Each structure stands twice: as structure tokens, then as C-alpha cells.
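Examination of the molecular architecture
The chain contents come next:
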Amino acid sequence: MQFSKFSRLFAACTMAVSAVFVLNACKEDEEVFPAPSVSAGTEASGVPGAKVNVTASISAPAGLKTLTVLKNGAAFDTKTYTANETSDNYTKEYTIENLAAGTAVNFTIIATDSKNQSSAPATFTVKSTAVPPKEIVTVKGVLTGNVTWSKSKIYKLSGFVRVGGDTTAVTAAGAATGTLTIEPGTVIIGERATKGTLIIQRGSKIIANGTATEPIVFTSERGVGEREAGDWGGLVICGKAANNLPGGSGQLEGSYKGWHGGTDDADNSGSLKYVRVEYAGVPINPNQEINSFTFGSVGSGTVLEYLQASYGGDDAFEWFGGTVNAKYLVSYRTLDDDFDMDNGFRGNIQFAVALRGATSADQSGSNGFEVDNDGQGTANEPFTSPTLANVSLIGAKQSQETFISTLFQNGMHLRRNNRIKVYNTFITGFPNGIYIDGATTAANANGGSLVLNNIVLAGVTGWGSNGYGQGAATQPQGFPVRDVNTATPAADLMIGTKKPSEWFAGLTGNKTVASWSTTGVSNSVFGTGRPTFTIIGTAADALNKAVTVPTLPAFFTATTYVGAFNDTDWTATWAEFNPSTVTYIK
């Protein structure tokens, strides 16, 4: 019995040992694969904005499962393999960010195979290099023929740089012409000592079409923190359209041979798109400054879109006669008037905004609009009779505590027999909203050739008794619509049998609200830096509520809101609201 029991125990042990040997034999039959390996490509480098490829070679004998790429430890890219791939040549484009020269960006690359084995990490390095300084090309004299300026260079205007040679009251036979083409992203600086100015003479053209991401910039030659209004001249275009000057031809203020005027209202002086003009407005003579943008008798064949004038020493935009149309204009912290129209200007303008600085006002008095038929208020034809829609004129007065210059005057100063038509426009922050100045201008308003419809005037909370400074302890003081002139003593104004305020209130869509704070406008429009322009639609008096759509010429886009903006900021990416900090010369 004992022997039999021992035999059975021995047999069981033998079977167990045999099973172990069999199991080990099966394991020895499975193929063992090495872990994946990754070999990073050669280090890359480039200037900010350059595109480089992150590369690596991957091997995984057991078959690739995933690839993970980290950029400085953060997720950058992943790749999943579905086929039985055992190798791969990885490549991924990377745009070098705005990094200081010498900065390294490390890409860590790790592969995992079908056996869940991971490779050792491999590192691909990208280094940011210094941007090579651009060549500065000094430009003088007269440009003729076809001339192109490239964004790879910076162009310095020395003195009066003219495109074309028409510099007399009557165009001389055989006067040379030129076409200046400026690439997107090009920077042009004005030489301070010589009052650098670019003048497109009558019969010549400028083709300056920037883009939303690469605007063309005309600016000061001075460095960050040194720039100021009047550092250089400005951009001047002279055309062949009609004006109301005696003889039909005139020289622009300052007598720098900016002759303009003719009989071709469809004249084409070229195209400006996505163009900024900063720190212009140098005095050519005492009290005779060049505007940031000056348009003398420019015809309707010319294109003006997405233009910004910043920190100018005179007007931001001024039109002397002509028929050119414009859309998307920004006047930022100019010294004198934002939009000045005279001498028979008859163009159309839509989507324009003006923002003022609290102490930046001119000795002549600063206005959002300044509009004259001519300097004497004659009945010379063609009348100054532009049509404007969707304009926001934001004066400097944000609150009753905000100190502003006493040289600020009117949101709109309409005078000297003009026949302007304005629609869907918002005005706030000026001592006077609207001043219809003079008997002939009042007669035009009464007769219907001067029109204001869908105009919203907004006061400032606590600024005097009327939101415009009346009764306040300090000047300036004014009214939503002036019913008295500015003489001493003041005399009553009338439009027909009505006070101007009564006339204004009786027109389609016009209204006066106590404070801009209820209109959906952001308080950031009064500050420095990029504002928020879009309207808060839930505000009590939001500018996009209950607006009657006016019937306007085909040039205009139909809108259901007052002011330059609704829910889209058309200044995004191309406009600059802090140009003093931008380094242009690198």
C-alpha cells in the first residue's frame, strides 16, 4: 500500500515537471523584437516667421503603433499607424514664432510599437536667428515710368518725392508720368530734416495694395518712444477730377507744387488698400501742415479701402474736390480734424471711425467733420456734396472727470454753403454734437440738399446739465445740436422756422440719448491700445436696434445699424493702435 501511494506521487511530480518543460519550450519558440528607435534629423534654424520641417527616421521591427511629438514638453503632433509599417520618415512643418535670436525650440519624438515598447526619446532642435537688417534706400526727386518698392527694403523719403512731373497749374505738354507699385508689408519712412513727403502728381498713379496681414506702413524714421506728430510730411495724391476752384486748378496748401484739378471725374490715380500713415503732418510753412492723407481732385477710378491715419499733425483725411469713394477709414488721435471735405468734394464714404486723444487738439479748433463748399462759402460749383454712412465720431470726453482740451469743438462742423448728406452715424464725446454754421448752410438744410438721417448723438454722464458741459465749472461747454452761434454775444440760429435742434429731431431716425454708456459702445474706445469696436446688442440704446435702412447709391452696403461697427471689427489684424511701441527699422 505504501509503495503504491509513493508511485502515484512520483508520477504526478513527473507530469508537472514535464509541463514546465513544455511551457518553456513554447516560450522559446516566440520571436523577440527589439524596441523601436528614432533618429532625429539635422537641426534647423531661421528667422521668426520662417517655415522649417521637423524630421526624424523611425524604425520598429515589431511594427509601428504610434508616434508622439512634444514641443518644449507640450503636445505638438501625434501619428497613429494602421498598416504593418516597420519604418517611417516623419516630417512636420513648423513656423518659427517671434522669438529672440538664439532661442532654441526642442521637439521630443517618441515611437511606440505593436508590443507597446517605446523608443528612447530623440530631440530635434530649431533655433531662432536674428532678422538681418533691411537695407534702407533713400529716395529723392521725381520717379517716372514703372517703379516697384519691395518689402525686403525700407524706403526713406528725402524731401518732396514726386511720382510724375506735372508740377504746374496747367499740365505741360509731355509732362512725365509714373506708376509706383508698393508690395504688401513694405515700410516707408519720412526723413524728418527734409520734411519727407510722397506726392503722386496729376496723371500718375500709386498702387499700394497691402493685405490684412501685411499692411503697407508710412511712418516716422525715429525710434520707439521718440516719434511724434509732424515727424514727416504725408501721403498726397493729386488727380484730374473737377473741383470748384477758380479756373478748375489749384495748388494744395503749402505751395509745394501739388497741383490738382481737371474735368475727368472718373480719373484713376491708382489704389490704396490696407495702408497706414503715422506721425505725419509736418508744417511746410508756419500754420500750413500736410495732412496724413491728402486727396486733391482725385477721381472715382481710384480705390481707397482700409486706411488708417494715426498721430497726424494736421487733418487725418482731407479731400479738396474730386469724386473718389472710400471705405473702412480710421482716424486715430490726430491733432486737427478727422475728416475735412471742401472745394467741391462729391465722393461717397462708408465705414469710418475717429478716436481722439484728450489733449491732442489744434489751435484752429478740432472737429470730427469739417465741411465747406470753399473757404469763402461761395456758391461755386460743383458744390461740396459728399454722401457718408456708418461713421463713428468718438470725441475725447469719456466721463465728467476726463480733462479735455478747450480746443475741441464739434462732432460735425457743417459750414460755408456745403451740401453734405450723412446717414447712420454716431457722435459722442465732443462739446457740440452738430453745428450748422451760417445762413447758406442753414438754407441748404431747410431746402433738403443737406441731409442728416439716422444720426445718434450721445452725451456724457454728469458732464454739465446736458451731457455736453453746460453749467460745468470748466470749459469746453456745448450742446447736442447748437441753437446759438459762437459769437459774443451769441445769436440764435434758425433753419427755416425751426431751431436747429428741432429741425434735427424732425428728420428720419435722428435721436439724442443722455449717455454713450447706454448705446452698446465699449469704454475701451476712449483709451489707448486696441479698442473693442463691436456693439453690445443688449444695451438699452444699442446702435443696432430699430434702424430704418436708408436708400443710398449702389456704392453703399445696406446696414441695419448706426455707426461704423456692429458685430464685426474690420480693423482687426491690419490697424495699429499703439504705433509708438512698434520697431519698424530692424
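Residues numbered from 1 in each chain as written. Predicted model: local features only at pLDDT ≥ 70, side-chain atom pairs only at ≥ 80, totals over all residues. Heavy atoms only, no water.

Topic: the sheet that holds strand S29 (residues 339–342)
Defined as follows: Should DSSP find at least two bridges between two strands, the strands are regarded as paired. Comment: elements are numbered from the N terminus, with helices defined as DSSP H or I runs of at least four residues and strands as E runs of at least two.
The strand order across the open sheet built from 10 strands is S10-S13-S16-S19-S25-S27-S29-S31-S33-S35, with neighbouring strands paired in parallel fashion. Edge strands, defined here as strands with exactly one partner in the open sheet, are strand S10 (142–143) and strand S35 (432–437). For strand S16 (residues 197–200) and strand S19 (residues 235–238), the ladder comprises 3 bridges, and the chain directions are parallel. The residue bridging Ile199 from the neighbouring strand is Val236, located in S19.

Some points on the sheet that holds strand S6 (residues 87–95)
Strand pairing in a sheet is mediated by backbone hydrogen bonds. Such pairs are either parallel or antiparallel. Note the threshold: For helices, the fitted axis covers only the stretch in contact; all axes are lines through C-alpha atoms, and the angles between them, taken along N-to-C directions, range from 0 to 180 degrees.
Taken in spatial order, the 3 strands of this open sheet run S1-S3-S6, and their pairing is antiparallel. Of all strands in the sheet, those bounded by a partner on one side alone are strand S1 (37–40) and S6. For this sheet, the mean angle separating the axes of adjacent strands, direction not counted, is 25°. By the bridge criterion, 4 bridges tie S1 to strand S3 (residues 51–59) in an arrangement that is antiparallel.

Examining the environment of Phe403
Put simply, the rule is: Relative accessible area decides the class of each residue, using a 1.4 Å probe on protein chains only: under 20% of the type maximum gives buried, over 50% gives exposed, and in between gives partly exposed.
The topology assignment puts Phe403 in the loop between strand S32 (387–394) and strand S33 (410–415). Overall, the relative accessible area of 61% leaves Phe403 in the exposed class. A sequence separation of 73 residues divides Phe403 from Pro476, and the C-alpha atoms of the two residues are 9.8 Å apart.

A few points about the environment of Ala101
This is how the line gets drawn: Between two residues, a contact is recorded if the distance between any of their heavy atoms is within 4.5 Å.
With respect to the element layout, Ala101 can be found in the loop between S6 and strand S7 (104–113). Note on Ala101: relative accessible area 53%, which makes it exposed. Here the alpha-carbon distance between Ala101 and Val131, two residues 30 residues apart in the chain, equals 8.0 Å. Ala101 has contacts with Ser128, Thr129 and Ala130, leaving out every residue within four places of it along the chain.

What to know about the side chain of Asn444
The cut-off we apply is this: Polar contact criterion, stated in full: a pair of N or O atoms within 3.5 Å, where within protein one must be able to donate a hydrogen and the other to accept it, and residues adjacent in sequence count only if both atoms are side-chain atoms.
Inspection of the secondary structure puts Asn444 in helix H2 (residues 439–447). The buried category is assigned to Asn444, whose relative accessible area is 7%. Here the side chain of Asn444 touches Asn418 through a polar contact of 2.9 Å, landing on its backbone oxygen. Apart from residues lying up to four places away in sequence, Asn444 is in contact with Asn417, Asn418, Arg419, Ser449 and Leu450.

Let's talk about the pattern of salt bridges
As a reminder, the rule being used: Here, a salt bridge means any Lys or Arg side-chain nitrogen found within 4 Å of an Asp or Glu carboxyl oxygen.
Tallying each qualifying case throughout the model produces 17 salt bridges. For Lys79, the salt bridge identified is with Asp88, shortest N-O distance 2.9 Å. Put simply, Lys156 and Glu221 hold a salt bridge, and the shortest N to O gap is 3.5 Å. On the criterion of sequence distance, the pair formed by Lys156 in strand S12 (residues 153–157) and Glu221 in the loop between strand S18 (216–220) and S19 is long-range, its members being 65 residues apart. Residue classification places Lys156 among the buried positions, given a relative accessible area of 17%. Judged by its relative accessible area of 25%, Glu221 falls in the partly exposed class. Salt bridges linked by common partners bring Arg192, Arg222, Glu228 and Asp231 together as one network.

Overview of the packing of aromatic side chains
For clarity, the threshold we go by: In this analysis, rings of Phe, Tyr and Trp, with Trp reduced to its six-membered ring, are considered paired at centre separations within 6.5 Å, and the interplanar angle assigns stacked below 30 degrees, edge-to-face beyond 60, and tilted for intermediate values.
Going through the model one piece at a time under the given rule, you end up with 27 aromatic pairs. Ring centres of Phe218 and Trp232 lie 6.2 Å apart, and the angle between their planes is 10°; on these two criteria the pair is classed as stacked. With Phe218 in strand S18 and Trp232 in the loop between S18 and S19, this residue pair connects regions lying 14 residues apart in the sequence. Residue class for Phe218 comes out buried when judged on its relative accessible area of 0%. When the centroid spacing of 5.6 Å and the interplanar angle of 15° are considered together, the rings of Phe317 and Phe339 count as stacked. Of this pair, Phe317 sits in strand S27 (residues 317–320) while Phe339 is found in strand S29, placing the two residues 22 residues apart along the sequence.

A word on unusual backbone geometry
Between Gln475 and Pro476 the backbone carries a cis peptide bond, its omega angle lying at 0°. Structurally, Pro476 is set in the loop between strand S36 (451–458) and helix H3 (500–505). In this model, Thr488 is joined to Pro489 through a cis peptide bond whose omega is -5°. Topologically, Pro489 is positioned in the loop between S36 and H3.

Things to note about the nonpolar core
Quick reminder of the rule: The definition of a nonpolar core used throughout is a set of buried Ala, Val, Leu, Ile, Met, Phe, Trp, Tyr and Cys residues joined through side-chain atoms within 4.5 Å.
Counting residues in each nonpolar core, the largest one holds 65 residues, and the members touching the most others are Leu272, Trp319 and Phe369. With near-sequence residues (within four places) excluded, Phe369 lies in contact with Phe339, Met341, Leu388, Val391, Leu393, Gly411, Met412, His413, Ile420 and Val422. Ranked by size, the runner-up nonpolar core spans 37 residues in total, among them Phe351, Ala458, Trp463 and Ala564.

Let's talk about the pairing of S12
Every regular strand shows the same layout, with side chains that alternate between the two sheet faces. Taken across its 5 residues, S12 has 4 buried, putting it largely inside the fold. Judged from the 5 bridges that link them, strand S9 (residues 135–139) and S12 form a sheet pairing that is parallel. In the strand pairing of S12, Ile136 is matched with Ile154.

Comments concerning the side chain of Asp166
As for its placement among the helices and strands, Asp166 is situated in the loop between strand S13 (160–163) and strand S14 (178–182). Accessibility expressed as a relative area gives 2% for Asp166, which makes it buried. A polar contact of 2.7 Å, which involves the side chain of Asp166, links it to the side chain of Thr171. A distance of 2.9 Å separates the side chain of Asp166 from the side chain of Arg202, its partner in a polar contact. Look past the residues within four positions of Asp166 in its chain and what remains in contact with it is Thr171, Ala175, Ala176, Gln201 and Arg202.

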